[in-house]
Amino acid sequence: MPFDFHPVIAVVQVRMTSSRLPGKVLKPLAGAPLIRRMIERVLRIDGIDGVAVALAEGTANDPVIDALWGMNVTIVRGSESDVLARSAAAARAARAQTVMRITSDCPLLDPAVSAAILAAYKAGHSAGLRYARTSAESGFPHGFDTEVFDAAALYEAEAKATDPYEREHATPYIWRRPDSFPAIIVDAKPDRRHWRITVDTEDDYRLVSAIYEALYPNDPAFGYVDLCSLFEAQPELLAINAPLPLADVTAR
C-alpha cells in the first residue's frame, strides 16, 4: 500500500520577543502585518493540507492572534524557550503525518521552492528518506529556508532531546543524526545564499519593505524569478542590509 503523506502541515514558529528586532512579525508590510503577508505565501505552497502556527505563550504574543484573524490557520500556544515542544504540539494538534517547518521571519518565502522540497522528500521516502531541506550553506537566498520531515521524527526528537540547543530549535536533533534520519539537501545554482531576505534586523526589514513596495502592487504572488529581475535592475537594494566590512564592525 502506498505511504500516505497526508496531512502535510506547514508549521510556522512565531514569537514577538526577538532579541534583535522585537515585534518584527507585526511590522507593516504592504498594508498588513508582516506575519500575515508571510502566511499568505505559505498558504500558496502546493501540496500542503494546512498551516499550524506555533505561537509562543505569554501576553506579549497575544497580538499575533488578532493579526491572523480570518486566516485559514490553526494556532497552538506553547513554551517560548522550548521551540521543539511548541512545534511538536502544533503538528500534533493539526494531526500532521508530514511536517514542513518554516520560520515566521521569511515574508519573501517562495511557495514554489518550498513545494520543491516537499516533492524531493516524497520522491525519496520509499528509499528511506526522512528529512529534506534547502541547503544552509549555498543555493537559495537566506529567507527561502524550508525543512520537510515525517511527524514521527519530530515526536521522537521531542521525547528524547536533552541538549538545550536541540530544545531551543525544532530540528537539530533530527539533522544531527543522519544515520537515523536519512536526508537530502537541495542546493541551487547560481549560489545566492548571500542574499539576506529574512528579517532579523531593522536593515533587513527596510530591504523587505522596499521589495514589497516594488513588486507586491503589480503581483501579490511574486516569486524568486521576480526577485532576481528586481535585483538585476536595482542592485543597490542589496546594499541595504549588506554586512559591514570587518574594519567598520571592529570600530564600533
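Residues numbered from 1 in each chain as written. Predicted model: local features only at pLDDT ≥ 70, side-chain atom pairs only at ≥ 80, totals over all residues. Heavy atoms only, no water.

Student: I'd like a rundown of the packing of aromatic side chains, residues and numbers included.
Tutor: For the structure shown, the criterion picks out 10 aromatic pairs. Both rings, one in Phe5 and one in Tyr121, keep their centres 6.0 Å apart while their planes meet at 70°; by these two values the pair is edge-to-face. Taken together, the positions of Phe5 in the segment before β1 (8–14) and Tyr121 in helix α4 (residues 111–125) put the pair 116 residues apart, joining distant regions of the chain. Here Phe5 and Tyr121 have matching classes, each one buried. Ring geometry for Phe144 against Tyr224: centres 5.2 Å apart, planes inclined by 80°, an arrangement best described as edge-to-face. One end of the pair, Phe144, is in the loop between β7 (131–134) and β8 (147–150); the other, Tyr224, is in helix α9 (residues 224–233), with 80 residues separating them in the sequence. Taking relative accessible area as the criterion, Tyr224 reaches 14% and is therefore assigned buried. Counting every residue linked through ring pairs, the aromatic cluster contains Phe3, Phe5 and Tyr121. A cation sits over an aromatic face here: Arg177 above Tyr173, 3.8 Å from the ring centre. (Phe/Tyr/Trp six-rings, centres within 6.5 Å; stacked < 30°, edge-to-face > 60°. Helix = DSSP H or I, 4+ residues; strand = E, 2+ residues; numbered from the N terminus. Buried < 20%, exposed > 50% of the residue type's maximum accessible area, 1.4 Å probe, protein only. Lys NZ or Arg CZ within 6 Å of the ring centre and 35° of its normal.)

Student: Please set out the confidence of the model for the chain residue by residue, giving values where relevant.
Tutor: Confidence along the chain averages 94 in pLDDT terms, with 96% of residues attaining 70 or more. Contacts for the low-pLDDT stretch residues 244–252, under 50 throughout, to residues beyond four places or in other chains number two contacts. (pLDDT = per-residue confidence, 0-100. Contact = heavy atoms within 4.5 Å.)

Student: Now, about the side chain of Ser114: what can you tell me, with residues and values included?
Tutor: Looking at the secondary structure, you find Ser114 in helix α4. Those residues within four positions of Ser114 in sequence are excluded, and the remaining contacts are Ile45, Met100, Leu109 and Thr146.

Student: Help me get a handle on the layout of surface pockets, residues and values and all.
Tutor: Here the largest pocket is characterised by a volume of approximately 970 Å³. Every residue lining the largest pocket is counted, 35 residues in all, and those nearest its centre are Gln13, Arg101, Thr103, Asp105 and His169. Elements supplying a minimum of two residues to the lining of the largest pocket: β1, α3 (83–93), β6 (98–103), α6 (164–168) and α7 (172–175). Sort the elements by how many residues they give to the lining of the largest pocket and β6 lands first, with three residues. For the lining of the largest pocket, the residue count by class is nine nonpolar, 12 polar and 14 charged. (1 Å grid on protein atoms, 1.4 Å probe; cavity = no way out; pocket = protein on both sides within 12 Å on 5 of 7 lines; lining within 4 Å. Points joined across faces, edges and corners; volume = space filled by probe spheres on them. Nonpolar A, V, L, I, M, F, W, Y, C, P; charged D, E, K, R; others polar.)

Student: Give me the lowdown on the nonpolar core, citing residues and values where you can.
Tutor: Membership of the largest hydrophobic core comes to 59 residues, with the highest contact counts inside it found for Ile39, Val42 and Ile211. For this core, the elements supplying multiple residues, two or more each, are β1, α1 (34–42), β4 (50–56), α2 (63–67), β6, α4, α8 (202–215) and α9. Residues within four places of Ile39 in sequence aside, it is in contact with Val12, Val51, Val53, Leu68, Met71 and Val73. Formed by 22 residues, the second largest nonpolar core is a distinct cluster that contains Ala54, Ala88, Ala90 and Ala91. (Core = buried A, V, L, I, M, F, W, Y, C linked by side-chain atoms within 4.5 Å.)

Student: Kindly report on the packing of α3 against helix α5 (residues 151–160), identifying the contributing residues and their values.
Tutor: Contact geometry for α3 and α5: axes closest at 9 Å, N-to-C directions at 140°. In terms of orientation, α3 and α5 fall into the oblique class. Considering only the axes of α3 and α5, their crossing is left-handed. On α5, the residues touching Leu84, Ala85, Ser87, Ala88, Ala91 and Arg92 of α3 are Leu154, Tyr155, Ala157 and Glu158. Its residues assigned to classes, the contact of α3 with α5 comprises seven nonpolar, one polar and two charged. (Axes fitted to C-alpha atoms, helices over the stretch in contact; angles between N-to-C directions. Parallel < 35°, antiparallel > 145°, perpendicular 65-115°, else oblique. Left-handed = near helix turned anticlockwise from the far one by under 90°.)

Student: Requested: an account of the environment of Lys122, with residues and values cited.
Tutor: Topologically, Lys122 is positioned in helix α4. With a relative accessible area of 27%, Lys122 lands in the partly exposed category. Along the chain, Lys122 and Met100 lie 22 residues apart, while their C-alpha atoms are 12 Å from each other. Setting aside residues no more than four positions away along its own chain, Lys122 makes contact with Phe5 and His6.

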